[in-house]
Structures are given as structure tokens and as C-alpha cells.
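# Topology and contacts: notes
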Amino acid sequence: TVDQDATISVEMPDGVVFTYTGGLRDGYGVLEALEYFAQDCVKNKGWHLLLFGAGPLQSVCVEYSDLHENIHFHGQVPIEKARAVQSESDFLLNLRDPFDARFNYSYPSKITEYLASGVPVITTKIAGIPEDFYPYLNFVDLNDFDFEGLVESYQEIKEQACEGKCYLFASRSL
């Protein structure tokens, strides 16, 4: 169920915040993100994963959230609340499996939503992402995350994200 109470705020944790909003299902990189952020070496960096959404992996998200202080599951929330959290995050995650045939010819609208926020986007390279968006995205391998370099060059990546937002609004009718 969707938490319809828009007055409930989400407390942003101290540290670097990575946010995922969307379906909680196989192929969307949710399990990989949970496993990555559950590692002690990631927890010790002060990095946090915020998850918003619903789907078959919801109970797994609750379990990880209960076990790991740096993983925060908030369930499904109204889009306005999700966008507010996105805008306060340091990075937004879209980690769909590039080898999953479901994503070969589909346009990931989440990329447009994330680019519109002006927050750095970390994504896998799936076929449906328009090539003109590539300069504004940060690509990672689903099986070998390397977020360290992205965190270290945050200022440069933040500028890239702002440019991506401007490009999006100039090149697409939204």
C-alpha cells in the first residue's frame, strides 16, 4: 500500500546517501544493492541506501533494513515524497540487469525522472537508454560496483548531473 500521508517526512541519514525508488523485483538490481551496502567495508564509510517501492522483494528489503543500520526501507510513497527524497540524495540508483531480455528494447523512464532531479545518477548500461544521455550518467557493472571513485569526484559528478538536467529539459518536451 502507498503511504498517502505527504506530511510524514523521511529523515535523511548523515553520510553519503544513495537512493533507489521503483519496483522491488528481480532484474532491477535491488538484491545486488542490498548485498553491496550490507558489507562492513561499505557501512564503515558512512554510506546509506534508501529504498522506496513495492514488489516481490519487499520482504527482503525489510529484512536487510532490520539487520543493517545503513539500509533504510520506506515502502511505497507518493511520487511527490519520492521526488523530494531524490532531490536531497547524493546519488540515485537505477541498476537494471543489462543481460535481462526485458530491458533490451524498453525505455527506462526512471532515467528521465532521475535526470530531471539534477542529482547524480548511477546506472547500468541497458540498451534502452538514449545515447545522448550517456555524458550525464555514471555507468557501473552490476556485478562489480565501484562507487568509491564516484564519491571521491562528487563535485564534478554533481556538475555533470546539473548539466544533464538542463540538457533533458532543453531536448525533450516534458
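In the block above lies the structure referred to throughout.
The following refers to the structure shown. Keep in mind that this is a model prediction, so the values were computed, not measured.

Applying the stated criterion across every chain, the model contains 14 aromatic pairs. Seen in terms of ring centroids, tyrosine 134 and phenylalanine 139 are 5.2 Å apart; in terms of plane orientation they differ by 80°. Their pairing is edge-to-face. The class for tyrosine 134 is partly exposed, based on a relative accessible area of 25%. With relative accessibility at 31%, the residue phenylalanine 139 sits in the partly exposed group. Every member of this aromatic cluster is reached through a ring pair, and the members are Phe18, Tyr36, Phe37, Trp47, Phe91, Phe145, Phe147 and Tyr154. The cationic tip of lysine 45 hangs over the ring face of tryptophan 47; the distance from NZ or CZ to the ring centre is 4.6 Å. A cation over an aromatic ring shows up here: lysine 125 above the ring of phenylalanine 139, its NZ or CZ 5.1 Å from the ring centre.

A word on empty space enclosed by the protein. A complete count under the given rule lists one cavity of 30 Å³ or more for this structure. In this structure, the largest cavity occupies an estimated 40 Å³ of space. What lines the largest cavity is simply Tyr20, Tyr28, Gly29, Val30, Ala33, Leu49, Leu51, Leu93 and Leu95. Those elements that provide at least two residues to the lining of the largest cavity are helix H1 (30-37) and strand E2 (47-52). Along the lines of polarity and charge, the residues of the lining of the largest cavity split into eight nonpolar, one polar and no charged.

Thresholds, definitions, all that
Residues numbered from 1 in each chain as written. Predicted model: local features only at pLDDT ≥ 70, side-chain atom pairs only at ≥ 80, totals over all residues. Heavy atoms only, no water. Phe/Tyr/Trp six-rings, centres within 6.5 Å; stacked < 30°, edge-to-face > 60°. Buried < 20%, exposed > 50% of the residue type's maximum accessible area, 1.4 Å probe, protein only. Lys NZ or Arg CZ within 6 Å of the ring centre and 35° of its normal. 1 Å grid on protein atoms, 1.4 Å probe; cavity = no way out; pocket = protein on both sides within 12 Å on 5 of 7 lines; lining within 4 Å. Points joined across faces, edges and corners; volume = space filled by probe spheres on them. Helix = DSSP H or I, 4+ residues; strand = E, 2+ residues; numbered from the N terminus. Nonpolar A, V, L, I, M, F, W, Y, C, P; charged D, E, K, R; others polar.

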